[in-house]
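Chains, contacts and geometry: an overview
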Amino acid sequence: MNNILTIDGPSGVGKGTVARIMAQKLGWHLLDSGAIYRAFALAVDARGIGIGNEDTLEKIAQTLDLTFKTEEGSELVSVFLNGKDVSKILRTEKTGEMASKIASIGVVRAALLKRQQDFAQTPGLVADGRDMGTVVFVDAPFKVFLTASAEERSKRRLKQLQAQGTMGIISQILAEVVARDERDCSRKNAPLKPADDALIIDTTELSIDEVLAQVSELVTKK
Ligand code: DC
């Protein structure tokens, strides 16, 4: 598949927003790989499985009953785990934290790999996550790595929470963002880092339209 755009980067950088808008613009499919790790973390939590029980974790990853649905005319993707809509709980900081912890386990990543690769369908795919350009879609022709200072990402996250009607404390969000980055960057399996052939965009001082312009240019230029 030649039409794959990967968008990787740390938490709160705006990957999801950029990926969603690019998928709409290009008319391509969308893979939010973080949602898969988050749903997996929920499934494991619901069964009370410990992080050291790798055989069971692998089985759960292999048989995860997960579906994504986009309502006609809506921007939001609903996520169903075992037929139950888990979209709301999926997006919480607590679930992100659990996902980050469980995503460091090699057998889990291996078991979820093909499920992610299966999203590569015509006419094309926009995939966002941590290792889209380095592991899952290494041959993708278009790769982007978004960065922004931890302070800026915390502000963006706070705004997002407020838009959802949830309260947040900036110092607490900053601490969570820094802890999650640290774990995602330092893990042995598929750590967060830019692919050698990725376009790195520091979005700290950029508007969403400025970021989209750079990403669009990359896709149309090649
Ligand atoms: O992108 P996100 O915040 O929804 O991701 C939640 C966690 O899942 C993230 O902290 C690490 C893990 N993750 C991963 O390891 N690899 C991916 N491709 C996507 C997410």
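Preceding this section is the structure that the text describes.
Here we summarise the structure given alongside this text. (Residues numbered from 1 in each chain as written. Predicted model: local features only at pLDDT ≥ 70, side-chain atom pairs only at ≥ 80, totals over all residues. Heavy atoms only, no water.)

1. Brief notes about the nonpolar core
Convention followed: To form a nonpolar core, buried Ala, Val, Leu, Ile, Met, Phe, Trp, Tyr and Cys residues must be joined to one another through side-chain atoms within 4.5 Å. Under the scheme applied here, a residue whose accessible area is under 20% of the maximum for its type counts as buried, over 50% as exposed, and between as partly exposed, the area being computed with a 1.4 Å probe on protein chains only. Numbered from the N terminus, helices here are DSSP runs of H or I no shorter than four residues, and strands are runs of E no shorter than two. The contact criterion used is simple: two residues touch if any of their non-hydrogen atoms lie within 4.5 Å.
The biggest cluster of nonpolar side chains holds 34 residues, and the ones touching the most others in it are Phe-40, Leu-64, Leu-112 and Phe-137. Put simply, the parts of the chain that give this core at least two residues each are α2 (33-47), α3 (54-63), β4 (77-81), α5 (93-102), α6 (106-117), β6 (125-129) and α7 (132-136). If one sorts the elements of this core by residue count, α2 sits on top with 9 residues. Excluding residues that lie within four positions of it along the chain, Leu-64 makes contacts with Ile-36, Ala-39, Phe-40, Ala-43, Leu-81, Leu-112 and Arg-115.

2. Focus on the site of the ligand
What counts is decided by this rule: Note on terminology: near, applied to a residue and a molecule or strand, indicates that one of the residue's heavy atoms is within 4 Å of it. We call two N or O atoms a polar contact when they sit within 3.5 Å, provided that within protein one can donate a hydrogen and the other can accept it, with sequence-adjacent residues counted only if both atoms are side-chain atoms. To be clear on the numbers: accessible area is Shrake-Rupley with a 1.4 Å probe, and residue cover counts the displayed protein chains and nothing else. Under the grouping applied here, Gly and all other residues not named as nonpolar or charged are polar, the nonpolar ones being Ala, Val, Leu, Ile, Met, Phe, Trp, Tyr, Cys and Pro and the charged ones Asp, Glu, Lys and Arg.
Taken together, 16 residues surround the ligand, and among them Arg-38, Arg-109, Arg-130, Arg-180 and Asp-184 come closest. One of the side-chain nitrogen or oxygen atoms of Asp-184 is found 2.8 Å away from an oxygen atom of the ligand. A distance of 2.8 Å separates an oxygen atom of the ligand from a polar side-chain atom of Arg-187. Starting from 450 Å² of accessible surface for the ligand in isolation, the protein chains cover 96%. Among the elements that line the shell around the ligand, the one with the most residues is α2, at 4 residues. Of the residues belonging to the shell around the ligand, the class tally is 4 nonpolar, 4 polar and 8 charged.

3. With respect to the sheet that holds β4
For the record, the criterion: Strands are labelled as partners when DSSP assigns at least two bridges between them. For helices, the axis comes from a line fit to the C-alpha atoms of the stretch in contact; other axes are also lines fit to C-alpha atoms, and the angle between any two N-to-C directions lies between 0 and 180 degrees.
An order of β3-β4-β5 is seen for the 3 strands of this open sheet, with the pairing classed as antiparallel. Each end of this open sheet is capped by a strand with a single partner; those strands are β3 (66-70) and β5 (84-85). Where β4 meets β5, 2 bridges bridge the pair, whose relative direction is antiparallel. Looking at the pairing, Leu-81 lines up with Lys-84 of β5. The strands that α2 touches are β3 and β4; relative to β3, the one it contacts most, it runs at about 130°.

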